Amino acid sequence: SRAFPEQDVYTTPVYFSSDWLNEYWDAVAVDDFRFVYMGPKGSWTPFHADVFRSYSWSANVCGRKKWLLYPAGQEEFLKDCHGNLPFDVTAPDLRDKRIYPRYSQSQPPLEIIQEAGEIIFVPSGWHHQVYNLEDTISINHNWVNGCNVAVMWCFLQDELAAVQREISQWKDPMDDWHLQCQLIMKSCTGIDYKEFYNFLKVIAENRISILEKGLDEESSSQNNSKAAISTLGMLHAVFDLKRTVKVLSSLSANEDFRKLDLNSLSPSPEALLQHLEAAIDTALL
């Protein structure tokens, strides 16, 4: 798909088309969160939750998969006495109360057999483990939108707090300790607070552009993010802007964000918020 962009190899289902994550990474032209997974019978993916606590969808082109899914929050009962999650939730060690003291409080996983031609949706924060029951090929996207961007923001705050705890003993002698925390967080998660701001900015500006200028017929016919926004409608663009305002307001007030060099951000967070609020007011007139 990347090598031959003129060929529409597949089309994202409309239910998953509000995809801020890939919209942003397409805009910065660094990478994306679209994947083709191929695995022989018997291969499997260890227990995990998806990047940034994003949603994911997975479409089987061929083969069969078995999914074990735990609703968000259940993973707390699956941690060992050191706070680590298991590599394999089917391992017999989990029944050892000395190692996994809270395992007995967990619910059984939701088990799904996914056939060829079927798509599965994984909600934010749902940890899962996946087995290829046959030789399998699937198309997968990780995605964030207005419905779970606040979950992504909470995840980033938790990740930064974890880094701060790990290197707290160097806080006083290190002048740029808060910058080092951002650097380590980005190396672990793939994003820091300033890039998260730019992520929100790109999403917001795309929607403001469509609200103010509309979409020409040529753009509407293309298989890209702006066409997807147009298909979902203007009210959906307003919804996205409202969710962006809510998270951007929280980010702007965040103490760790305010310690960064915000002069390098253009526009400033305050100016972007004012622009968003004005665009929402105008659209609702």
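Structure shown above.
Because the structure is a prediction, the values reported are computed rather than measured. (Residues numbered from 1 in each chain as written. Predicted model: local features only at pLDDT ≥ 70, side-chain atom pairs only at ≥ 80, totals over all residues. Heavy atoms only, no water.)

Chemist: Where do I start with unusual backbone geometry in this structure?
Modeler: The phi angle of most residues is negative, glycine excepted, and most peptide bonds adopt the trans form. For the peptide bond that leads from Ser266 to Pro267, omega is 0°, which places it in the cis range. When you line up the elements, Pro267 lands in the loop between helix H8 (255-258) and helix H9 (269-284). Phi at Ala29 is positive, roughly 55°, even though this residue is not glycine. Tracing the sequence through the fold places Ala29 in the loop between helix H1 (20-28) and strand S1 (34-39). (Helix = DSSP H or I, 4+ residues; strand = E, 2+ residues; numbered from the N terminus.)

Chemist: Got a minute to help me understand the side chain of Asp80 in this structure?
Modeler: Positionally, Asp80 belongs in the loop between strand S4 (65-70) and strand S5 (110-114). Although Asp80 is buried, it forms no salt bridge, and the closest oppositely charged side chain is Lys79 at an N-O distance of 8.9 Å. At a separation of 2.8 Å, a polar atom in the side chain of Asp80 contacts the main-chain amide nitrogen of His82. Each residue touching Asp80, except ones within four places of it in the same chain, is listed here: Ile99, Tyr100 and Pro101. (Buried < 20%, exposed > 50% of the residue type's maximum accessible area, 1.4 Å probe, protein only. Lys, Arg positive; Asp, Glu negative; His and termini not counted. Salt bridge = Lys/Arg side-chain N within 4 Å of Asp/Glu carboxyl O. Polar contact = N/O pair within 3.5 Å; in protein donor to acceptor, adjacent residues only side chain to side chain. Contact = heavy atoms within 4.5 Å.)

Chemist: Explanation requested: the state of the cysteines in the structure shown.
Modeler: Throughout this description, disulfide means a covalent bond between two cysteine sulfur atoms. According to the stated counting rule, one finds zero disulfides in the structure shown. Here Cys181 stays unpaired: no disulfide links it, and the sulfur of Cys188, its closest cysteine neighbor, is 11 Å away. (Disulfide = S-S within 2.5 Å.)

Functional significance is not addressed by these values, which are geometric in nature.
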